[in-house]
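Listed below are the residues making up each chain.
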Amino acid sequence: DLERVFHTFSGHPFVLKKAGLAASRACKKQVDDAPDLFEPFILKLIEDSNASVICSGMAMIREIVNLEPERRLSMKEKVLPTLLNITKNLSNPNVTTYQRIGGVAEPFVLVNTLQLIQVLCHDDARLLPELAATISDVVKSVENQSNAASAVLYECVRAVFGILPNREIQTMAFEIL
């Protein structure tokens, strides 16, 4: 009955987060038609302003793609612009509406976003310039060497090696470490 929860409690972040996590677990346990039932709510979750709701939406996307790899392309077309927008907003140092941990805005959301971009864009050469620019912006926005900053930089390097086959960009990523 999670569909009703998504419709009824749209203004309650805690309930939406729990519903998103329950939906991702239902997909993981391969409940009949779970990906078809919950796919319409994915954009609603990842476009939310609450970090935990965004992360639960990303968990649902990851489980759907793991369960049915043939959905990766359609899922990428649907959510990639939103994921890139989230990444650009979080890497903008002038935005102060997000929670900063160790000088990084919403590091949990940023790490989850980079991981999901890597899963969705694996071996897609068409997106190289946009992804390279986005990852470069994230690297430039990380200021210090806190644990949160190190985690974000690590995911940036993983994304570069997982998505971008360009040797120059990989060399730049290696120098970051």
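What comes next concerns the included structure. Since we're looking at a predicted model, the values are computed, not measured.

### Topic: the overall build of the protein
For the protein, the count of helices and strands is 10 helices and 2 strands. The order of helices and strands in the protein, counted from the N terminus, is α-α-α-α-α-α-β-β-α-α-α-α. Across the 177 residues in the protein, those meeting the buried criterion constitute 49%. Long-range contacts, defined here as pairs at least 24 residues apart, represent 64% of the contacts in the protein between residues at least 6 apart. Element-wise, carbon and sulfur atoms account for 53% of the exposed surface of the protein, whose accessible area totals about 9,300 Å².

### Considering unusual backbone geometry
Despite not being glycine, Glu 106 shows a phi value in the positive range, around 45°. Within the secondary structure layout, Glu 106 lies in the loop between strand S2 (104-105) and helix H7 (107-120). With a relative accessible area of 14%, Glu 106 lands in the buried category.

### A word on the nonpolar core
Judged by nonpolar contacts, the single largest core of 53 residues is most densely connected at Phe 6, Phe 38 and Val 152. Leave out the neighbours within four places in its chain, and Phe 38 touches Leu 2, Phe 6, Ala 23, Ala 26, Cys 27 and Met 60.

### Considerations on the environment of Ile 46
Looking at the secondary structure, you find Ile 46 in helix H4 (residues 42-46). Apart from residues no more than four positions distant in its own chain, Ile 46 is found in contact with Ile 54, Gly 57, Met 58, Ile 61, Val 79, Thr 82, Leu 83 and Ile 86.

The rules behind these values
Counting of residues starts from 1 at the beginning of each chain's written sequence and follows it residue by residue. Only residues with pLDDT of at least 70 get local features here, since the model is predicted, and only at 80 or more are side-chain atom pairs given and counted; chain-wide, interface and lining totals rely on the full set of residues. In computing side-chain properties, one takes all heavy atoms of the structure into account and sets aside hydrogens as well as water. A run of DSSP states H or I qualifies as a helix once it reaches four residues; a run of E qualifies as a strand once it reaches two. Both are numbered from the N-terminal end. The cut-offs for exposure are 20% and 50% of the maximum accessible area for each residue type, with area from a 1.4 Å probe on protein chains only; residues under the lower value are buried, those over the upper are exposed, and the others partly exposed. In what follows, residue pairs with any heavy atoms lying within 4.5 Å of each other are defined as contacts. For the area figures, the Shrake-Rupley method with a 1.4 Å probe applies, and any residue is considered shielded solely by the protein chains shown. Nonpolar core, defined: a set of buried Ala, Val, Leu, Ile, Met, Phe, Trp, Tyr and Cys residues in which side-chain atoms within 4.5 Å join the residues together.

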